[in-house]
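Each chain is listed here by its residues.
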Amino acid sequence: MSRASNELREEILYWCRESVRTGLNFNTQGNISIRLPEHDAIVITPSGIRYDVLTIDQMVVVGYDGVVIEGELFPSTETDVHLAHYRRRPDINAIVHTESPYANMFGAIGKTIDPVLLNMVLYAKGAVRIMPFEFSTNKDFGELSAALMGDDTNAVVWGNHGMISVGEDVGGAFKVAVAVEANAQVLHGSLALGTPNILALEKIVIPEGARLP
């Protein structure tokens, strides 16, 4: 029996296809993983497979040490980056990497994505920092990415490359990715119109019992 259930694999596949449908990914870009804490492992998308032809049996289970436990294909080339974030953040159970266009615009100029939408504050937990460009397969890339995201926010943009978001589950991590991209688009337009009102998590009072969007 696989360490990763068909249900978890189906969930990853669903959000992979949603990432293409919503314009956050294209071709074979991006990757998604879910933590398997009972096995000291993660299940992650394979490298180089388009999401429209990806099947659940093609996903790869990788141990916390980076060794492939299950699967015949190569895991995502950014598996080590995912593992670094999981090591840093015991509170997260899923990671989504996208090539979000508007977030990438800010990454291309090295400008922090400040929160101007409520969902950005609620899900990303604040401004999204930009990591200077380098290849994501470099030895220390994952540790640098995890350190820049820190413990207080749920996303970071890799300069000239893409964005990584985290969450308690894969749906939550995807909500972060969508929130950051929508915020980046609105911020981009509002900067052209004038001076946007920047939100701060610590100044927002959420009514007791309120449900998040």
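Everything below is about the structure shown above.
First things first, this report covers the structure right here in the doc. (Residues numbered from 1 in each chain as written. Predicted model: local features only at pLDDT ≥ 70, side-chain atom pairs only at ≥ 80, totals over all residues. Heavy atoms only, no water.)

Side note on the overall build of the protein
Piece 1. Each helix and strand counted, the protein has six helices and eight strands in total.
Piece 2. The N-to-C order of helical and strand elements in the protein reads α-β-β-β-β-α-β-α-α-β-α-β-β-α.
Piece 3. For 213 residues, the compact-globule estimate of 2.2 N^0.38 gives 17 Å, and the C-alpha radius of gyration of the protein, at 17 Å, lies within 12% of that figure.
Piece 4. Once the C-alpha set of the protein is aligned to its principal axes, its extents read approximately 55 × 40 × 30 Å.
Piece 5. The proportion of buried residues among the 213 residues of the protein is 48%.
Piece 6. Considering only residue pairs separated by 6 or more positions, the protein has 65% of its internal contacts joining residues 24 or more positions apart.
Piece 7. For the protein, the exposed area adds up to about 10,600 Å²; of that, 54% sits on carbon and sulfur atoms. (Helix = DSSP H or I, 4+ residues; strand = E, 2+ residues; numbered from the N terminus. Rg over C-alpha atoms; globule rule 2.2 N^0.38 Å. Buried < 20%, exposed > 50% of the residue type's maximum accessible area, 1.4 Å probe, protein only. Contact = heavy atoms within 4.5 Å. Areas by Shrake-Rupley, 256 points an atom, 1.4 Å probe, with all protein chains shown as cover.)

Here's the deal with helix H2 (residues 79-88)
Piece 1. Burial analysis of H2 places seven of its 10 residues in the buried class, which makes it a mostly covered element.
Piece 2. What H2 keeps buried is the set Thr79, Val81, His82, Leu83, Ala84, His85 and Tyr86.

What to know about the packing of H2 against helix H5 (residues 141-149)
Piece 1. Between H2 and H5, the shortest axis-to-axis distance is 8 Å and the interhelical angle comes to 40°. Compared by their axis directions, H2 and H5 come out oblique. Of the two possible hands of crossing, H2 and H5 adopt the one that is right-handed. Residues Val81, Ala84, His85, Arg87 and Arg88 of H2 form the contact with H5, whose participating residues are Phe141, Gly142, Glu143, Ser145, Ala146, Ala147 and Met149. (Axes fitted to C-alpha atoms, helices over the stretch in contact; angles between N-to-C directions. Parallel < 35°, antiparallel > 145°, perpendicular 65-115°, else oblique. Left-handed = near helix turned anticlockwise from the far one by under 90°.)

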